[in-house]
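# A look at the structure
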Number of protein chains: 2
Amino acid sequence: MKNTVPLAFSDHNHEKCRAASINAAYRQGLRLTKWRQLVLDLLLEDHRSMGAYEILEKLECHGVKPQPPTAYRALEYLVEHGLVHRIEKQNAYVACARPDMCRNAGFIVCKTCRKVAEIEYASSEADLLHIAAESGFETKSAIMEVEGVCADCQKSA
Amino acid sequence: MKNTVPLAFSDHNHEKCRAASINAAYRQGLRLTKWRQLVLDLLLEDHRSMGAYEILEKLECHGVKPQPPTAYRALEYLVEHGLVHRIEKQNAYVACARPDMCRNAGFIVCKTCRKVAEIEYASSEADLLHIAAESGFETKSAIMEVEGVCADCQKSA
DNA sequence: TGTACCGGTGTTACACTATAACGGTTTTTT
DNA sequence: AAAAAACCGTTATAGTGTAACACCGGTACA
Ligand SMILES: [Zn+2]
Ligand SMILES: [Zn+2]
Ligand SMILES: [Zn+2]
Ligand SMILES: [Zn+2]
């Protein structure tokens, strides 16, 4: 078993996370316009998820406060290109924690502090994908989300 | 590999599904009030998911059309007691397909016809749950959802 | 016989999440 | 340069979910 200490729940050099995201964007030749850049920067601040309107409130460029579609457009682009993931259980968004090798992304989500640990789920959960494929199902996307309270939040409660 | 033909995507005696749900409710001594009963009946019609407002529109008792909280209260109760699952990717609800042995429920969801196949995603220890537990995380709930287009819908497209 | 409690219901109003549609501007492609 | 595509600003609206409060019926218990 590898990776028993999820990154998001432990101290780490977060600059590396941030740099990995920027690099991935560059390598893919993505076009990071001002809003996309700003949204991504916000999400890269830490491993917490943010709601679209929470992001929207913090968005601003030269004194201009944009409308909802602006935030949603940026998020849509970033999700499509794998730099951001949507956390379905929270209607929220989080920066991809491993943009250079992101496959079978599963998430461990704290209900209290909203930190999100991103883990590559292994073969066992992927049974579902096998069953889907065997029955002629064409899979478009898959999520595995575990929700609860992280160790830190348990202590402070 | 067992269960390679998901129930929802194949012909089957659906009366048995319906009966299993009713039996489970009875065995657990659940209190199925009129609205709970009506909502459950709606969801038990087949293995398709329904949105809360879709359910609400079809709800009616002696000519009385209830308000949103009525539907949400019934759904909350049924979900809490395991007779109904919430499909996060669709903001929708579906009757539990195996209420007598429902653990580690994963879902294969067709974007087109909204049929939902319910599969136990791992018989042994699921990796994500394992990692969560090892890091002191207290898991409250977990979902695994695979979304795409089922074989039937591919043909008719 | 009250009466205090509790779960369920009815109702209103509101909060949160997300998208449609249109027109204008900038960037890319031909 | 012209055409096409992508992006952005703006308005309005759709879709999903809750807070809050009053009321009603049963039941436990004084
Ligand atoms: Zn980090
Ligand atoms: Zn936490
Ligand atoms: Zn069935
Ligand atoms: Zn189930």
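Residues numbered from 1 in each chain as written. Chains lettered and ligands numbered in written order. Predicted model: local features only at pLDDT ≥ 70, side-chain atom pairs only at ≥ 80, totals over all residues. Heavy atoms only, no water.

To continue, consider the interface of chain A and chain B. One widely used convention gives an interface's size as the accessible area the parts lose upon coming together. Facing 44 residues of chain A, the contacting portion of chain B comprises 44 residues. Across the interface of chain A and chain B, roughly 3700 Å² is buried in total on both sides, 66% from carbon and sulfur atoms. The largest per-residue losses of area from chain A upon contact with chain B belong to L128, I131 and F137 of chain A, which jointly make up 19% of the total buried on that side. Counting across the interface, chain A meets chain B through 0 salt bridges. (Contact = heavy atoms within 4.5 Å. Buried area = accessible area lost by both parts, 1.4 Å probe. Salt bridge = Lys/Arg side-chain N within 4 Å of Asp/Glu carboxyl O.)

In space, the 6 strands of this open sheet follow the order β5(A)-β4(A)-β6(A)-β6(B)-β4(B)-β5(B), with mixed pairing throughout. Of all strands in the sheet, those with a lone pairing partner are β5 (116–120) of chain A together with β5 (116–120) of chain B, marking the two edges. Adjacent strand axes in the sheet meet at a mean angle of 20°, parallel and antiparallel pairs treated alike. Strand direction decides the pairing type here: strand β4 (residues 105–110) of chain B and β5 of chain B, joined by 5 bridges, are antiparallel. Of the residues in β5 of chain B, the one forming a bridge with V109 of chain B is V116 of chain B. The strands that helix α5 (residues 127–134) of chain B touches are β4 (105–110), β5 and β6 (138–149) of chain A together with β6 (138–149) of chain B; relative to β4 of chain A, the one it contacts most, it runs at about 35°. (Pairing = 2+ DSSP bridges. Helix = DSSP H or I, 4+ residues; strand = E, 2+ residues; numbered from the N terminus. Axes fitted to C-alpha atoms, helices over the stretch in contact; angles between N-to-C directions.)

Turning to the packing of helix α2 (residues 34–43) of chain A against helix α4 (residues 68–80) of chain A, a few remarks are in order. Residues and elements named next belong to chain A. Remark: α2 packs on α4, axes separated minimally by 9 Å, with the N-to-C direction vectors making an angle of 75°. The angle between α2 and α4 places the two elements in the roughly perpendicular class. Contacts between α2 and α4 involve W35, R36, V39, L40 and L43 on the former and, on the latter, T70, A74, L75, Y77 and L78. Split into classes, the residues belonging to the contact of α2 with α4 amount to 8 nonpolar, 1 polar and 1 charged. (Parallel < 35°, antiparallel > 145°, perpendicular 65-115°, else oblique. Nonpolar A, V, L, I, M, F, W, Y, C, P; charged D, E, K, R; others polar.)

Residues and elements named next belong to chain B. With 6 of 6 residues buried, β4 is to be regarded as a mostly interior element. Along β4, one buried face is formed by A105, F107 and V109 and the opposite face, lined by G106, I108 and C110, is buried too. Between the antiparallel neighbours β4 and β5 lie 5 residues, among them R114 with a positive phi of about 70°. Bridging between β4 and β6 involves 5 bridges; their strand directions are parallel. Its bridge partner lying in β6, G106 is registered against M144. (Buried < 20%, exposed > 50% of the residue type's maximum accessible area, 1.4 Å probe, protein only.)

Turning to the coordination of the zinc ion (ligand 4), a few remarks are in order. All names here are of chain B. The coordination sphere of the zinc ion (ligand 4), as far as protein atoms go, consists of H85 (NE2), C96 (SG), C102 (SG) and E118 (OE), spread over 1.8 to 2.5 Å. Angles of 99 to 128° at the metal separate the 4 donor atoms of the zinc ion (ligand 4), which places the site in the tetrahedral class. According to the relative accessible area criterion, C102 is partly exposed, its value standing at 29%. (Donors = N, O, S within 2.8 Å, 3.2 Å for Na, K, Ca; no water. Tetrahedral: all angles 85-135°; square planar, octahedral: opposite > 155°, others 65-115°.)

Attention now goes to the relation of the copies chain A and chain B. Expressed as a screw transformation, the operator carrying chain A onto chain B has a rotation angle of 180° and an axial translation of 0.0 Å, and the superposed copies differ by an RMSD of 0.1 Å. Put plainly, the chains are arranged around a two-fold axis. In this assembly the copies share their binding face: 95% of the residues contributing to the interface of chain A also contribute to that of chain B. (Least-squares fit on C-alpha atoms with pLDDT ≥ 70 in both.)

All names here are of chain A. Around the zinc ion (ligand 2), the protein contributes the donor atoms C110 (SG), C113 (SG), C150 (SG) and C153 (SG), at 2.2 to 2.4 Å from the metal centre. Coordination at the zinc ion (ligand 2) comes from 4 donor atoms whose angles at the metal span 103 to 121°, giving a geometry best classed as tetrahedral. Mapped onto the sequence, the residues coordinating the zinc ion (ligand 2) show the spacing C-x2-C-x36-C-x2-C. Placement of C110 in strand β4 and of C153 in helix α6 (residues 151–155) is noted, with a sequence separation of 43 residues between them.

Another aspect to go through is empty space enclosed by the protein. All names here are of chain B. Throughout the structure, instances matching the rule amount to 1 cavity of 30 Å³ or more. In this model, the largest cavity occupies a volume close to 40 Å³. In terms of lining residues, the largest cavity is bounded by H14, C17, L43, L44, D46, H47, A95, C96 and A97. Class assignment for the residues of the lining of the largest cavity results in 6 nonpolar, 2 polar and 1 charged. (1 Å grid on protein atoms, 1.4 Å probe; cavity = no way out; pocket = protein on both sides within 12 Å on 5 of 7 lines; lining within 4 Å. Points joined across faces, edges and corners; volume = space filled by probe spheres on them.)

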